[in-house]
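For reference, the chains in residue letters:
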Amino acid sequence: FQDQIGEDTLVKFMTDGILLAETQSDRMLRRYDTLIIDEAHERSLNIDFLLGYLQQLVKKRRDLKFTVNIRNPETPVASLWVVNLSATPSQDGNAHTTKRLTEGGAYSVDDVTISKDGKWVGFRGLAANRYQRGITSENIYSDLYLLEAATGTIERLTSNAEIGERNLSFSPDSQSLAFSGPDDLTTYGMSNSRVYVRSIADRGKPCTEARTGQMHR
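Residues numbered from 1 in each chain as written. Predicted model: local features only at pLDDT ≥ 70, side-chain atom pairs only at ≥ 80, totals over all residues. Heavy atoms only, no water.

Help me understand the environment of Val11, please; the structure alone is not making it clear to me.
Note on placement: Val11 falls in the segment before helix H1 (16–25). Taking C-alpha positions, Val11 is 9.9 Å from Leu35, a pair spaced 24 residues apart along the chain. (Helix = DSSP H or I, 4+ residues; strand = E, 2+ residues; numbered from the N terminus.)

Pasting the structure below:
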């Protein structure tokens with residue numbers, strides 16, 4: 001980069017809300033000759049409005065050096081798929097057949113893990129809402145799911161808004177599952193993470209907090 005600043009150069013750091021407020025009194029933002037919108041990928045209503053506003057403003061202010069590089073653009077909802085590598089080749093010569101295991105777009109699949117015997121698939125379902133699926137919010141607006149490979153049946157293991165469960169794993173014998181979560185699985189808080197366990201066969205039953213033996217849903 002070329003150094004093009006001088007003794008009179010001023011750099012001002014502000015939040016998206018402060019910049020929005022400044023547009024009310026200075027709609028052309030004449031006080032600035034360069035704007036850098038950092039972390040624009042962390043989408044919010046403020047950021048969305050600012051990007052639209054500044055894209056219009058740059059057409060009016062040819063001197064405004066406005067560039068936005070969205071490092072984490074909006075992505076579509078991800079589904080869980082299975083690929084059959086042993087399938088008989090089809091007429092087009094493609095031997096790989098695929099099947100989507102999650103439908104409807106109610107959540108976006110992430111953090112997939114498979115039991116050792118291959119009979120169970122655990123995953124985290126991120127919120128379909130793109131604002132709740134952003135980098136800063138995805139962990140608290142997600143729940144854990146368990147899929148039985150043979151039938152495609154999906155069980156929702158957790159159903160707690162703003163509670164960040166994670167790290168779903170299986171026991172070596174594929175009979176039990178475990179995940180981590182806060183002390184309270186019903187209310188958002190900054191409490192320490194605990195380990196919760198449950199037998200896979202106990203479908204629909206609450207999990208047990210490993211340290212105390214207390215049951216939680």
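I would appreciate a short explanation of the nonpolar core in the present structure.
Side chains that are nonpolar tend, in soluble globular proteins, to be buried together. Ranked by internal contacts, the top residues of the largest apolar core, which has 13 residues, are Leu146, Leu157, Leu168, Phe170, Leu177, Phe179 and Ile200. Contributing elements (two or more residues each) for this core: strand E7 (142–148), strand E9 (166–170) and strand E10 (176–182). (Core = buried A, V, L, I, M, F, W, Y, C linked by side-chain atoms within 4.5 Å. Buried < 20%, exposed > 50% of the residue type's maximum accessible area, 1.4 Å probe, protein only.)

What's the story with the sheet that holds strand E8 (residues 154–156) in this structure? I'm lost.
To summarise the sheet geometry, strands pair through backbone hydrogen bonds and adopt either a parallel or an antiparallel arrangement. If you walk across this open sheet you meet the four strands as E5-E6-E7-E8, and the pairing is antiparallel. Each end of this open sheet is capped by a strand with a single partner; those strands are strand E5 (107–114) and E8. Ignoring which end each strand starts from, the neighbouring axes of this sheet average 30° apart. Strand direction decides the pairing type here: E5 and strand E6 (residues 120–127), joined by six bridges, are antiparallel. Opposite Thr113, over in E6, you have Gly122 as the bridge partner. (Pairing = 2+ DSSP bridges. Axes fitted to C-alpha atoms, helices over the stretch in contact; angles between N-to-C directions.)

Mind showing me how you'd approach the confidence of the model for the chain here?
Reading fine detail from the predicted coordinates is not recommended where pLDDT is low. Within the chain, residue pLDDT values average 78, and 73% of them lie at 70 or more. The secondary-structure element of the chain with the lowest mean pLDDT is strand E2 (residues 65–67), recorded at 54, while E8 shows the highest, at 91. Contacts for the low-pLDDT stretch residues 68–72, under 50 throughout, to residues beyond four places or in other chains number eleven contacts. (pLDDT = per-residue confidence, 0-100. Contact = heavy atoms within 4.5 Å.)

What am I meant to see in unusual backbone geometry here?
Only a minority of non-glycine residues have a phi that is not negative, and only a minority of peptide bonds are not trans. Of note in this structure, Asp111 is not a glycine but carries a positive phi near 50°. Of note, the phi angle at Ser174 is positive, near 60°, even though the residue is not glycine. Mapped onto the secondary structure, Ser174 falls in the loop between E9 and E10.

Hey, could you run me through H1 in this one?
Owing to its 3.6 residues per turn, the α-helix aligns residues three or four sequence positions apart on the same side. Among all positions in H1, only Leu19, Leu20, Glu22 and Thr23 are buried. Projection of H1 onto a plane perpendicular to its axis shows the buried side chains occupying an angular sector of 155°, all on one side. Facing away from the buried surface of H1 by more than 90 degrees, the exposed residues are Gln24 and Ser25. The elements touched by buried residues of H1 are helix H2 (45–60). (Arc of directions from axis to C-beta.)

Is there a simple way to explain the packing of aromatic side chains in this structure?
To describe a pair of aromatic rings, one takes the distance between the centres and the angle between the planes. Here the structure, examined in full by the defined rule, presents five aromatic pairs. For the ring pair Phe123 and Tyr145, a centre distance of 5.3 Å and an interplane angle of 5° mean the geometry is stacked. Pair noted here: Phe123 is in strand E6 and Tyr145 is in strand E7, with a separation of 22 residues, a long-range link. By relative accessible area, Tyr145 is classed as buried at 6%. Members of the aromatic cluster, joined through ring pairs, are Tyr107, Phe123 and Tyr145. (Phe/Tyr/Trp six-rings, centres within 6.5 Å; stacked < 30°, edge-to-face > 60°.)

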